Number of protein chains: 2
Amino acid sequence: MPFIDDIFQLASDSVLSEKLIPFTSLFVIFLLTISYLMGNSLWHKILGRDKFLPQGKHVYVTGGSKGLGKGIAKLLASKGAHVTIIARDKDHLQIALEEIKDAAKDREDYKHLIFTAISADVTNYEDSVRALNEACEIHNGRAPDFIFCCAGACKPGLFIEQDISEFESGMQLNYHGTLYTVHEGVKRMARQRIKGKVVLVSSVLGVMSFIGFSQYAPTKYALRGLAETLRNELLLYDISVHCYFAGTLDSPGLQQENKTKPKITSEIEGDDAALSPDQAAKALYKSLCKGHFHITSDLGGNICRVAGKGAVSPTNNFVVDSLLSAFAWIGAIPFRYMIDKKVKDSKSEYPLRD
Amino acid sequence: MPFIDDIFQLASDSVLSEKLIPFTSLFVIFLLTISYLMGNSLWHKILGRDKFLPQGKHVYVTGGSKGLGKGIAKLLASKGAHVTIIARDKDHLQIALEEIKDAAKDREDYKHLIFTAISADVTNYEDSVRALNEACEIHNGRAPDFIFCCAGACKPGLFIEQDISEFESGMQLNYHGTLYTVHEGVKRMARQRIKGKVVLVSSVLGVMSFIGFSQYAPTKYALRGLAETLRNELLLYDISVHCYFAGTLDSPGLQQENKTKPKITSEIEGDDAALSPDQAAKALYKSLCKGHFHITSDLGGNICRVAGKGAVSPTNNFVVDSLLSAFAWIGAIPFRYMIDKKVKDSKSEYPLRD
């Protein structure tokens, strides 16, 4: 194999080993440092991109009585934000409100902070507008600075076995329940020239999906599409948009979800380490400080994010995302083979009723 | 620059120029041939993957009286399929039915082919089920072999200026109007053990979006999410799923769409060469013969497809898609800068009404 020999010859050439290898090592270290800095909030602070400063600002959180919504409400209260939470159940709202106050009670400015709980059904347009109205009135008519849309639910099941009403109510809650608040909120923010933030809560199932999630994934894909459109469009009003692809959260929603989850779906998911709502809120907060558009809080989600980033969504860190994307392009293939094989091998477990 | 000199030295080394260059050229030619073959229907025929044989099969097409739906109905009739088209307007249905018959009239088996037009509103669940019922009755209770969901519409506009009802009706037509038919159709296909095909018509705006499409893109993203879930899940029943990211089509829909399109949206789109519905139908048909899951019919759409492919959607041609994906990762950056700059520079053109 003269060709192979040539390669070996080149590799062992003294010129290469003496000059090229140290040079390459330095270059790699340089690249890693830059990529670390580019993803680090320090770098964003240097560039002045750390624009998420919740102190003294009004944060409006739907789905704020439980799970991620309550987590983010508590965290931002502890950072000095005025917080309004929206949910249907008044008892849950009251419990959450106490926890939110608790999270901020050690602050010096605690007395000046306004914490509000409003009972409303976000799947109803008029109710969503009324809730925003009430929240604005408390703040002298001023629209919220930051809107977090965390209300949502997942009902897994086999496509042909689920009733069509499950699909409709899923889209109504997950997509329209976010759209109504964002539409009304952005209208007010734009007209009042508030350079705020809108955070849509999608899911890792908004960047990839498989058996069992036909009721859920499309609603979360729709939110990704809305976020992608608004990221560009709301530059008109200096409003920034962010999309959180949440992974498995150890929340009341997960327990509900697991009741109807097909066995094969659980098997594919495996023993995904679920984050607590507080951990997820913290990860979301950190990414917002870094100015990320697409946000994830676990490695699997991050791989799915770069694999499905699309042509117009920005990277979070060009160097890291490029490397991860190259890995995902190849690395995701065995995953697809696994899920496809699993479904094909499970035919007998899911017999058809005639 | 001793390092640079070393590189030149290596490049001009006789060993390299005499052995490596011809070897590399051969390798590149080999790669190109393989990649061409892998994307070519010939290769798929060799592998036995050419499974889209519409002759003698029953094709069910929603939105079949106009645009892409009519295009695909005519094309598949000319290939010897029984065709049922669904739309609301009876006059348009009748005109389309004549064109479909015309497309098949030179075939020897013409007399045995059944062409049907059923007036139904696909945005209504009960009506969607009734239409499928009627179509099956005509075929002695047998479910369709192939379902094409082509009904859809786009109403562009600025997010905060559009009425919330536009968003709701868009999701109802584009997403639920497809879901109802697919849900009912797949249930019947699965129970009758028909190894059929389901084709969802998404859009290039289902893989990327920008200003003006907040009413439309989320509905097409939702369809992508549904397709991705069902691609995996319907392996249970040997039903294959395909998702067409249609580009600009010179159809009645486009004229309607352009009536409300913001100027900035048209400017970003540029002079996109619109395909005729017949050209799009032909491109879709060819890709189905190749067994592609994600289907596009123009280069821009194809770049957006690979850029947003995600972790579990298969490539169409691994070699070509990999090269295109590397190009898209870098090449899409100037596009994003362009659309973002355009929006930022257009603030004065879109003043806010207080």
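If you're wondering where the values come from, they're calculated on a predicted model, not measured in any experiment.

Asker: Sorry, what's going on with the interface of chain B and chain A here?
Answerer: For interface size, the figure often reported is the accessible area lost on association. Taken together, the contact pairs 86 residues of chain B with 87 residues of chain A. Interface area, chain B with chain A, both sides summed: about 7700 Å², of which 67% is carbon and sulfur. The interface formed by chain B and chain A includes four salt bridges. The salt bridge involving B:Asp238 is made with A:Lys347; its shortest N-O contact spans 3.0 Å. The interface formed by chain B and chain A holds 30 residue pairs in polar contact (both at pLDDT 80 or more) in total. Looking at the side of chain B that touches chain A, its residues break down into 50 nonpolar, 17 polar and 19 charged.

Asker: I keep staring at the sheet that holds strand β1 (residues 58–62) of chain A and nothing clicks. Help me out?
Answerer: Hydrogen bonds between backbone groups are what pair the strands of a sheet, and the pairing can be parallel or antiparallel. Residues and elements named next belong to chain A. If you walk across this open sheet you meet the seven strands as β3-β2-β1-β4-β5-β6-β7, and the pairing is parallel. This sheet does not close on itself; its edge strands, each paired only once, are β3 (115–119) and β7 (294–296). Ignoring strand direction, the axes of neighbouring strands in this sheet form an average angle of 20°. Where β1 meets strand β4 (residues 146–149), four bridges bridge the pair, whose relative direction is parallel. Of the residues in β4, the one forming a bridge with Val59 is Phe146. Contacting β1, β2 (82–87) and β3, helix α6 (residues 125–138) crosses the sheet at an angle of about 155° to β3. Of the strands in this sheet, β4, β5 (197–203), β6 (240–246) and β7 touch helix α11 (residues 277–289), which is tilted by about 145° from β7.

Asker: In this structure, what is going on with the UniProt feature "transmembrane region" (unreviewed entry) in chain A? I would like to understand it.
Answerer: In the numbering used here, UniProt assigns the "transmembrane region" (unreviewed entry) feature to residues 20–39 and 198–217 of chain A. Taken end to end, residues 198–217 of chain A comprises 5% helix and 30% strand; its first and last C-alpha atoms sit 21 Å apart.

Asker: Please explain the sheet that holds strand β4 (residues 146–149) of chain B as it appears in this structure.
Answerer: Residue and element names in this part refer to chain B. Ordered in space as β3-β2-β1-β4-β5-β6-β7, the seven strands form an open sheet in which the pairing is parallel. Edge strands, defined here as strands with exactly one partner in the open sheet, are β3 (115–119) and β7 (294–296). Shown here is a sheet whose adjacent strand axes are inclined to one another by a mean of 20°, direction ignored. Sheet analysis places strand β1 (residues 58–62) next to strand β2 (residues 82–87), joined by five bridges and oriented parallel. When the sheet's bridge partners are listed, Val61 is paired in β2 with Ile85. The sheet contacts of helix α4 (residues 67–78) involve β1, β2, β3, β4, β5 (197–203) and β6 (240–246), and relative to β1 the element is tilted by about 165°. Helix-sheet contacts for helix α7 (residues 164–191) involve β1, β4 and β5, and the interaxial angle to β4 is about 175°.

Asker: Can you walk me through helix α12 (residues 299–307) of chain B in this structure?
Answerer: Owing to its 3.6 residues per turn, the α-helix brings residues three or four apart onto one side. With respect to burial, α12(B) is a largely interior element, seven of its nine residues being buried. Of all the positions in α12(B), only B:Gly301, B:Asn302, B:Ile303, B:Cys304, B:Arg305, B:Val306 and B:Ala307 are classed as buried. Looking at the buried residues of α12(B), the elements they touch are α12 (299–307) and α13 (318–344) of chain A together with β6, β7 and α13 (318–345) of chain B.

Asker: Where do I start with the packing of α13(A) against α13(B) in this structure?
Answerer: The axes of two packed helices give the description: the angle between them and the distance between them. As a packed pair, α13(A) and α13(B) sit with axes 12 Å apart at the nearest point and diverge in direction by 160°. What the angle tells us is that α13(A) and α13(B) run roughly antiparallel. Helix-helix and strand crossings are classified by hand; for α13(A) and α13(B) the assignment is right-handed. Where α13(A) abuts α13(B), its residues A:Phe318, A:Asp321, A:Ser322, A:Ser325, A:Trp329, A:Ile330 and A:Ile333 lie against B:Phe318, B:Asp321, B:Ser322, B:Ser325, B:Trp329, B:Ile330 and B:Ile333.

Asker: When you look at the packing of aromatic side chains in this model, what are you seeing that I'm missing?
Answerer: Each aromatic ring pair is specified by the distance between its two centres and by the angle formed by the two planes. Scanning all chains against the criterion turns up 18 aromatic pairs over all chains. Aromatic side chains A:Phe52 and A:Phe148 sit 6.4 Å apart centroid to centroid with 50° between the ring planes, which places their arrangement in the tilted category. In this pair, A:Phe52 sits in the loop between α3 (41–46) and β1 while A:Phe148 sits in strand β4, placing the two residues 96 residues apart along the sequence. The class for A:Phe148 is buried, based on a relative accessible area of 1%. An angle of 85° between the planes, with centres 5.6 Å apart, marks the rings of B:Phe159 and B:Phe167 as edge-to-face. Taken as a pair, B:Phe159 and B:Phe167 share a single burial class, namely buried. Through a chain of ring-to-ring contacts, three or more aromatic side chains come together here, namely A:Phe52, A:Phe146, A:Phe148 and A:Tyr285. Directly above the ring of B:Trp329 sits A:Lys309, whose terminal nitrogen or CZ lies 5.1 Å from the centroid. Geometry around B:Phe293 places B:Arg231 over its ring, the cationic atom sitting 5.9 Å from the centre.

What counts, and at which threshold
- Residues numbered from 1 in each chain as written.
- Chains lettered and ligands numbered in written order.
- Predicted model: local features only at pLDDT ≥ 70, side-chain atom pairs only at ≥ 80, totals over all residues.
- Heavy atoms only, no water.
- Contact = heavy atoms within 4.5 Å.
- Buried area = accessible area lost by both parts, 1.4 Å probe.
- Salt bridge = Lys/Arg side-chain N within 4 Å of Asp/Glu carboxyl O.
- Polar contact = N/O pair within 3.5 Å; in protein donor to acceptor, adjacent residues only side chain to side chain.
- Nonpolar A, V, L, I, M, F, W, Y, C, P; charged D, E, K, R; others polar.
- Pairing = 2+ DSSP bridges.
- Helix = DSSP H or I, 4+ residues; strand = E, 2+ residues; numbered from the N terminus.
- Axes fitted to C-alpha atoms, helices over the stretch in contact; angles between N-to-C directions.
- UniProt positions renumbered as here; feature names shortened; annotations may be inferred.
- Buried < 20%, exposed > 50% of the residue type's maximum accessible area, 1.4 Å probe, protein only.
- Parallel < 35°, antiparallel > 145°, perpendicular 65-115°, else oblique.
- Left-handed = near helix turned anticlockwise from the far one by under 90°.
- Phe/Tyr/Trp six-rings, centres within 6.5 Å; stacked < 30°, edge-to-face > 60°.
- Lys NZ or Arg CZ within 6 Å of the ring centre and 35° of its normal.

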